[in-house]
Amino acid sequence: GQQLNQSPQSMFIQEGEDVSMNCTSSSIFNTWLWYKQDPGEGPVLLIALYKAGELTSNGRLTAQFGITRKDSFLNISASIPSDVGIYFCAGQRGSGGSNYKLTFGKGTLLTVNP
Amino acid sequence: DTGVSQNPRHKITKRGQNVTFRCDPISEHNRLYWYRQTLGQGPEFLTYFQNEAQLEKSRLLSDRFSAERPKGSFSTLEIQRTEQGDSAMYLCASSPTGGSREQYFGPGTRLTVT
């Protein structure tokens with residue numbers, strides 16, 4: 001099935017550093033969601049974006065909905081060891097029928113060195 | 001805890017056996033989704049319910065798979081005549097009707113087919 005292009009595939013950083021990752025698509029989405037997944041667990045919703053150009057923060061996390069509606073970005077500032085995990089972007093086309101389903105990227109594996 | 005719950009968390013079965021998983025969504029969430037996640041990939045959409053009506057099924061959902069949500073509350077996903085390729089994490093998510101497009105995931109059921 002279709003998946004979004006998410007990069008980088010993995011990152012290894014030092015505690016305290018900032019992190020940026022992004023997600024691109026050939027199709028337009030009307031909602032972008034960012035999730036974090038720990039091993040053996042389900043994805044946990046971090047941030048939801050609903051409008052092109054929107055910039056939303058959740059603590060040290062900031063995400064942006066690209067102006068073309070084909071991309072999104074997630075930044076983590078001042079990383080800490082508990083930020084370790086896999087971060088997924090997901091796009092949703094909107095309301096009605098199949099538009100509710102989420103299309104996911106392959107994830108960015110983040111490792112934080114204390 | 002009022003989040004999405006899934007049972008069992010782990011299932012090991014022999015090829016050819018039938019398995020059934022259960023998902024209990026967040027209370028009063030009308031929409032329920034099933035996704036499948038294999039190693040190194042993001043979740044992929046399988047099927048979606050609004051109340052008790054199954055509104056969409058992915059091509060990934062072969063005729064060996066069936067999902068139900070008989071009373072519009074919990075849902076079950078059954079796989080008949082399991083194959084080794086069915087080994088994956090099966091994730092359930094729910095969302096409310098109305099304007100919110102956010103989906104909240106359960107912890108998943110890890111299926112291993114030997």
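Residues numbered from 1 in each chain as written. Chains lettered and ligands numbered in written order. Predicted model: local features only at pLDDT ≥ 70, side-chain atom pairs only at ≥ 80, totals over all residues. Heavy atoms only, no water.

Remarks on the overall build of chain A
Looking only at helices and strands, one finds zero helices and eleven strands in chain A. For chain A, the sequential pattern of α-helices and β-strands runs β-β-β-β-β-β-β-β-β-β-β. Here the C-alpha atoms of chain A give a radius of gyration of 14 Å, agreeing with the 13 Å that 2.2 N^0.38 yields for 114 residues. Projecting the C-alpha coordinates of chain A onto the three principal axes gives extents of approximately 45 × 30 × 20 Å. In chain A, buried positions account for 46% of the 114 residues. The long-range share in chain A, meaning contacts at least 24 apart out of those at least 6 apart in sequence, stands at 55%. Surface summary for chain A: the accessible area is close to 5,100 Å², and the carbon and sulfur share equals 51%. (Helix = DSSP H or I, 4+ residues; strand = E, 2+ residues; numbered from the N terminus. Rg over C-alpha atoms; globule rule 2.2 N^0.38 Å. Buried < 20%, exposed > 50% of the residue type's maximum accessible area, 1.4 Å probe, protein only. Contact = heavy atoms within 4.5 Å. Areas by Shrake-Rupley, 256 points an atom, 1.4 Å probe, with all protein chains shown as cover.)

Some thoughts on the sheet that holds strand S1 (residues 5–7) of chain B
Strand pairing in a sheet relies on backbone hydrogen bonds, with the paired strands running either antiparallel or parallel. All names here are of chain B. Strands sit in the order S1-S3-S8-S7 across an open sheet of four strands; the sheet is antiparallel. Strand pairing shows two members of the sheet lacking a second neighbour, S1 and strand S7 (65–68), which therefore form its edges. Sheet twist, expressed as the mean angle between neighbouring strand axes with direction ignored, is 15°. Judged from the five bridges that link them, strand S3 (residues 19–24) and strand S8 (residues 75–79) form a sheet pairing that is antiparallel. Looking at S8, one finds that Cys23 is bridged to Ser75. (Pairing = 2+ DSSP bridges. Axes fitted to C-alpha atoms, helices over the stretch in contact; angles between N-to-C directions.)

Here's the deal with the interface of chain A and chain B
Between chain A and chain B, the residue contacts involve 24 residues of the former and 23 residues of the latter. Summed over the shared surface of chain A and chain B, the result is two salt bridges. A salt bridge links Lys101(A) to Glu56(B); its shortest N-O distance comes to 3.7 Å. Across the contact surface, chain A and chain B share ten residue pairs in polar contact (both at pLDDT 80 or more). Elements supplying a minimum of two residues to the side of chain A that touches chain B: strand S4 (31–37), strand S5 (44–49), strand S9 (85–92) and strand S10 (102–104) of chain A. Here the side of chain A that touches chain B gets four residues from one element, more than from any other, and that element is S4(A). For the side of chain A that touches chain B, a count of residues per class yields ten nonpolar, eleven polar and three charged. (Salt bridge = Lys/Arg side-chain N within 4 Å of Asp/Glu carboxyl O. Polar contact = N/O pair within 3.5 Å; in protein donor to acceptor, adjacent residues only side chain to side chain. Nonpolar A, V, L, I, M, F, W, Y, C, P; charged D, E, K, R; others polar.)

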